[in-house]
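Examining the three-dimensional arrangement
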Amino acid sequence: AMKLWLAPLLLGWSVALSASEVTFVALGDLPYGKDDSAGVRYRQLIATINQSPHEFSIHVGDIKSGSSVCSDEEFLRQREHFNLYEKPVIYTPGDNEWTDCHRKSNGGYDPLERLARLRSVFFSSLSSMGKRSMQVAIQPQEQPEFSQFVENRRWQKNLVLFVTVHIVGSNNNFESRDPKAVAEFFDRDRANIGWVNAAFDLAERNNLAAIVIAFQADVLESASRFSQFPSHSGFKASVGDTIIPRSRKFGRPVLLISGDSHEFKFGQPFTIQGEWVSNLYQLVVPGNQDVRAVQVTVNALSTSPFSLSMIPPITHQKGQ
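Description of the structure in this document. (Residues numbered from 1 in each chain as written. Predicted model: local features only at pLDDT ≥ 70, side-chain atom pairs only at ≥ 80, totals over all residues. Heavy atoms only, no water.)

Description of the packing of aromatic side chains
Definition in use: Paired rings are identified among Phe, Tyr and Trp, the last through its six-membered ring, by centres lying within 6.5 Å, and are further divided according to the angle between planes into stacked (under 30 degrees), edge-to-face (over 60) and tilted (the rest). Secondary structure elements are defined from DSSP: runs of H or I of at least 4 residues count as helices, runs of E of at least 2 residues count as strands, and each element is numbered from the N terminus. Burial here depends on accessible area, computed with a 1.4 Å probe over protein chains only, as a share of the maximum for the residue type. Under 20% is buried, over 50% is exposed, and the range in between is partly exposed. A ring has a charge above it when a Lys NZ or an Arg CZ is no more than 6 Å from the ring centre and no more than 35 degrees off the ring normal.
A complete count under the given rule lists 18 aromatic pairs for this structure. The interplanar angle of 75° and the centroid separation of 5.7 Å between the aromatic rings of Phe174 and Phe186 together place this pair among those described as edge-to-face. Here Phe186 lies in helix α7 (residues 179-205) and Phe174 lies in the loop between α6 (169-172) and α7, a separation of 12 residues in the sequence. When its relative accessible area of 39% is taken as the criterion, Phe186 is described as partly exposed. The positively charged end of Arg119 is found above the aromatic ring belonging to Phe149, 5.1 Å away from the centroid.

The structure is reproduced here in C-alpha cells:
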C-alpha cells in the first residue's frame, strides 16, 4: 500500500513545481546603430536566442537609438528582425520609436503620428510576432474603454502571468511644455493603470504563482533620496501608486523588466513609504553597445524565484 501512495504524492509535487516554472528571454535597447554593424550584432544575438532554451522572448522597446531617423523604413526593418525569432516574441514600445521622434536628428516627426504608425506596423494582430506565434490578450478586447492601446498585452504560461504595459523613458512623455504630449500621457497613464489592476485582479482570482510585468522605462531614474517617485515623475501613478502597492498586496513574486538605462541590473529596490517590498524584483536588461539578452527562469516556489543567465551574440571564429 505504501508504494501506491508514494507515486501520486511525488507526481503531484512535480506537477506543482512545473506549473510554477517558465523560461523566457528578455532584451531591449537593441539594435542601436547602423545596420551593417549594430544590425549584424543584433542578428547574431537573435541566432543565439534561437538556440537557447526558452518559450518566448520579450523585447522591452527602443528598437533604434535616440539619434536615428524614425522612418517607416526603420520600422519595417525592425519588423523583419522580429520575424527572425524562431519562437514567439512580444514587444512593448520604447521612447526612441515615438516620443523622441520630434528631434531634428530623428527626422522631425510628430510623435503621435509615429505612435499610430507603430501600432499599425507592430500591433495589428492578436498574436505575438516571431516565426512561431502565440495568442495573447490585448487591452481593447478586455477593456473596451481603452480601445487604442493595442500594445498592452498579457498571456499566461503555467501559473505565471505576463503583462506588457506602455511605460516609456523620457519621463513617460510627461512633458509639461507640450499640451498634446500631456493629454497623451494622461490617457495612456489611465490605460496602463487599468491594465495593471486587471492583471493583479486576474492573478488573485485564479491564484497564480507569479507575475512578470514588462515595459521600457527604468522608472527609478528620477528617484531622489526623499522619494522614489516625486510628483513630477511620469511613473508616480502607474508604478508608485499602482504596481508597487498591488505587488505588496499580492504577496507572491513579481518581476518588473525594463531597459532604457542600458546597464544590467537585478535586485529588489522598491519601497513604499520607506518600507521595503521584498517580493518585488527589478531586472534592467543590457542594451545599446552591450549586445546581450537575459535568459530568465521563473520558479515561483523557490526562495529565489527568478534565476538569470546572460545570452551573448554568436561570434564566428576566424577561419570559419
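After that view, the rundown keeps rolling.
Concerning the environment of Glu151
To keep things clear, this is the line we draw: Each polar contact in these results corresponds to two N or O atoms within 3.5 Å; when the atoms are within protein, one needs to be able to donate a hydrogen and the other to accept it, and residues that are neighboring in sequence are counted only if both atoms are side-chain atoms.
Topologically, Glu151 is positioned in the loop between α5 (139-142) and β5 (153-157). Given the relative accessible area of 0%, Glu151 is considered buried. Spatially, the C-alpha atoms of Glu151 and Gly259 are 17 Å apart, while their sequence positions differ by 108 residues. Among the polar contacts made by the side chain of Glu151, one reaches the side chain of Arg119 at a distance of 2.8 Å. Separated by 2.6 Å, the side chains of Glu151 and His166 make a polar contact.

Some points on helix α4 (residues 111-122)
What counts, and what does not: To estimate the expected span of a helix, count its residues, drop one, and scale the result by 1.5 Å.
In a regular helix each residue adds 1.5 Å, so 12 residues correspond to 16 Å; α4 covers 16 Å between its end C-alpha atoms and thus fits that length. Restricting attention to buried positions, one finds in α4 the residues Pro111, Arg114, Leu115, Leu118, Arg119, Val121 and Phe122. Measuring from the backbone nitrogen of Leu112 back to the side-chain oxygen at the start of α4 gives 3.1 Å, which picks out Asp110 as the cap.

The quantities given are spatial measurements derived from coordinates; they are silent on function.
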